[in-house]
Amino acid sequence: MFQAKINAGLLQSSIDAVGVFVDECKVRVDSEGLSVKAVDPANVGMVELDVPADSFDSFEADDELLGLNLTKFDDIIGMAKAGDVVALELDPETGKLKIQIDGLRYTLSLIDPESIHQEPNVPDLDLPGEVVLAGAEINRGIKASGMVSDHMAFGVEDKSFYMSAEGDQDDVRVDLTEDEVISLTAEEDARSLFSLDYLESMSKAIPSDAQVTLYVGSDFPVRMEFELQGGDADVSYLLAPRIENE
Amino acid sequence: MFQAKINAGLLQSSIDAVGVFVDECKVRVDSEGLSVKAVDPANVGMVELDVPADSFDSFEADDELLGLNLTKFDDIIGMAKAGDVVALELDPETGKLKIQIDGLRYTLSLIDPESIHQEPNVPDLDLPGEVVLAGAEINRGIKASGMVSDHMAFGVEDKSFYMSAEGDQDDVRVDLTEDEVISLTAEEDARSLFSLDYLESMSKAIPSDAQVTLYVGSDFPVRMEFELQGGDADVSYLLAPRIENE
Amino acid sequence: MFQAKINAGLLQSSIDAVGVFVDECKVRVDSEGLSVKAVDPANVGMVELDVPADSFDSFEADDELLGLNLTKFDDIIGMAKAGDVVALELDPETGKLKIQIDGLRYTLSLIDPESIHQEPNVPDLDLPGEVVLAGAEINRGIKASGMVSDHMAFGVEDKSFYMSAEGDQDDVRVDLTEDEVISLTAEEDARSLFSLDYLESMSKAIPSDAQVTLYVGSDFPVRMEFELQGGDADVSYLLAPRIENE
């Protein structure tokens, strides 16, 4: 069984964070809460979402695995007004998800979880650079980089964090010293290059006012962790690097 | 002769209400005011508009029948700012409509009324269910129904009004009890099915804050009546049902 | 050398004013400030832009001629927030333009000025009608005219300024008497016809709240002069007439 009530805004930003990489996903619910692990079809980007039970207005669940069409689910939740509560209930007879928003009842067919791409094993990487900064800063670096190239670097160097992109003609660079970010820990210099296609999608899901913890290595994946709605949900992205031609 | 001044917002919402079904229409003016009856080319939706003479800032008219291109007229009135007054005058010499908005003078050629689709005879139906509710509620039911199907039902059942749509996979339903609407009178249960193409167009012209009186029968047309600008114009829609396959 | 700081809003509206006619242009800087003269590829519209040195937050320049891709430059300056200061610096070694906006550093390749369309010799015309009016009035006349035709007239007649357009079916006319404009001087009646394609582009760059001085003759170009940001930059447009068929 699964039966829960949740703030519409929190639910929508959670869906959007996963929707960056996949159109459909397996949603796990159990007594701890709701969680998703997904990887994009090209195996380049992974996302982990955790919405703990106590972030819900009410939450009751046995272990269930739901196959969810995120695009459709996002449209439905988009019917809610700010502050609305969304009631979710798995109908044990039909296997469908009943969604109620202020008098509107939507019955959503679920997807057979077996037909959905397997959940990834998210590797536990030891990345030497760790920087905490505002989502707005990262989003700005991504946007500017997209003006000159289709890939960009994240790096740490001399107690600074940088984002940079080198185009055929023009270059972009943002340097943020230790004092200009919330915190910076760098065991050694590091730099990795990433596809802007992916970063630009991720950027849409990173709240400007969130504190993002970004972990970077040398030609290693980048990890970005942030909270939604001031801590009610945790999102973690892992993006594989592009190997740089020297 | 025809010479009148009217609030731009009232004029525009009146045009928009008719434009749901037709691009051009016959506009009747006489000493009582301005009125339109029109039916869409497929004979599925009808609209009646009445703007009484005393809703105008000034109004003088002999019996005249004007053939109006609504798309073009709507663009012209769109030049007005909120609160502007639009002056309309039929030029007896040229047969054109002179439109003045704050110093801007637009001379609009009219269409030969003979070339426009005949005005419909709007049938006087006795529909057993009558519900009064906010335009916002109807518009929400239409929007949600459009997510699962291309047609939806309006119905009354057990002292409740409902809107519902059944798609191949998903369903939507909104139930509003007697206490959740402004008023509900149902001599008997009733239910009819309608094309969402038409309802979605009508929805754009139904003000969220208007009280809409909706009359429904069993496999009969639905009638929706509402006022624009707090009573300065009356709109009535009649939409033919789709016959439901049992 | 060239090194300057300028308010982002002023810089962007200056670029936009030139971008009406060309995608790339020669930018002259010297001790007096920054200036541009450009003509569109069809030789129909010319623009002169002057941003005096003291409109910059700081300004140092020897005589330099920079070849600028306006579309790209506009995108970069679009990264600034309201009130941001943009720092510009010509790198003497690379010949590239270094642009800094709140920590973001963009290195922009310049275009060889020789490859850009020659700067026009702007003719010094003696036009008999001179009217000063709000940008909003001109923009409104252009918008309304575009609804009926692809060309429109500016004229002075009987101590009035008018804008008019005659379509196949409909006409538009705005008359503004001496009392309805800021000032009007007309040595003789005058009227010239212009392409709305050009005027609609220019309209986007004319601030609604700017005082525009418009000079009109008989089958002569129209000149429009206005200031950006309350005097920090001067823009002058000259648009060639279409010859009217009598």
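We now turn to the structure provided with this report. (Residues numbered from 1 in each chain as written. Chains lettered and ligands numbered in written order. Predicted model: local features only at pLDDT ≥ 70, side-chain atom pairs only at ≥ 80, totals over all residues. Heavy atoms only, no water.)

Considerations on the relation of the copies chain B and chain A
Take chain B, turn it by 120 degrees, move it 0.0 Å along the axis, and it overlays chain A with an RMSD of 0.0 Å. Accordingly, the operation relating the two chain copies is best matched by a three-fold axis. Among all residues of chain B, the one whose C-alpha sits closest to the rotation axis is B:Ala82, at a distance of 16 Å. (Least-squares fit on C-alpha atoms with pLDDT ≥ 70 in both.)

Things to note about the sheet that holds strand E12 (residues 160-166) of chain C
Spatial ordering of the open sheet is given by E5(B)-E1(B)-E7(B)-E8(B)-E9(B)-E13(C)-E12(C)-E11(C)-E15(C), a layout of nine strands whose pairing is antiparallel. Two strands close off the open sheet at either side, each with one partner strand: strand E5 (58-61) of chain B together with strand E15 (190-195) of chain C. On average, each strand axis in the sheet is tilted by 20 degrees relative to the strand beside it, whichever way the strands run. Where strand E7 (residues 85-90) of chain B meets strand E8 (residues 97-101) of chain B, five bridges bridge the pair, whose relative direction is antiparallel. Across the sheet, B:Leu90 pairs through a bridge with B:Leu97, a residue of E8(B). (Pairing = 2+ DSSP bridges. Helix = DSSP H or I, 4+ residues; strand = E, 2+ residues; numbered from the N terminus. Axes fitted to C-alpha atoms, helices over the stretch in contact; angles between N-to-C directions.)

Concerning the pattern of salt bridges
Overall, the coordinates contain 21 salt bridges over all chains when judged by the stated rule. Residues B:Arg173 and B:Glu157 are paired through a salt bridge, measuring 3.5 Å at the closest nitrogen-oxygen approach. Within this pair, whereas B:Arg173 is found in strand E13 (residues 171-177), its partner B:Glu157 is found in strand E11 (residues 151-157), the two being separated by 16 residues in sequence. Take B:Glu157: its relative accessible area is 36%, and that puts it in the partly exposed class. Taking the shortest distance from any N to any O, the salt bridge between C:Lys81 and C:Asp102 comes out at 3.4 Å. On the criterion of sequence distance, the pair formed by C:Lys81 in the loop between helix H2 (70-77) and strand E7 (85-90) and C:Asp102 in the loop between strand E8 (97-101) and strand E9 (104-108) is long-range, its members being 21 residues apart. By relative accessible area, which is 48% here, C:Asp102 ends up partly exposed. Here the salt bridges share partners, and the residues they tie into one network are A:Arg105, B:Glu157, B:Arg173 and B:Asp175. (Salt bridge = Lys/Arg side-chain N within 4 Å of Asp/Glu carboxyl O. Buried < 20%, exposed > 50% of the residue type's maximum accessible area, 1.4 Å probe, protein only.)

Some thoughts on the interface of chain B and chain A
In this complex, chain B contributes 12 residues to the contact, which on the side of chain A involves 14 residues. Summing both partners gives a buried area of about 1,200 Å² for chain B against chain A, and 45% of it is carried by carbon and sulfur. Applying the counting criterion to the chain B and chain A interface returns two salt bridges. Residue A:Lys72 pairs with B:Asp170 through a salt bridge whose shortest N-O separation is 2.9 Å. Applying the counting criterion to the chain B and chain A interface returns 11 residue pairs in polar contact (both at pLDDT 80 or more). Taken together, the elements giving at least two residues each to the side of chain B that touches chain A come down to helix H3 (135-145) and E13 of chain B. Residue classes in the side of chain B that touches chain A are distributed as five nonpolar, one polar and six charged. Bridge count between strand E9 (residues 104-108) of chain A and E13(B): four bridges; the pairing is antiparallel. Looking at the pairing, A:Tyr106 lines up with B:Val172 of E13(B). (Contact = heavy atoms within 4.5 Å. Buried area = accessible area lost by both parts, 1.4 Å probe. Polar contact = N/O pair within 3.5 Å; in protein donor to acceptor, adjacent residues only side chain to side chain. Nonpolar A, V, L, I, M, F, W, Y, C, P; charged D, E, K, R; others polar.)

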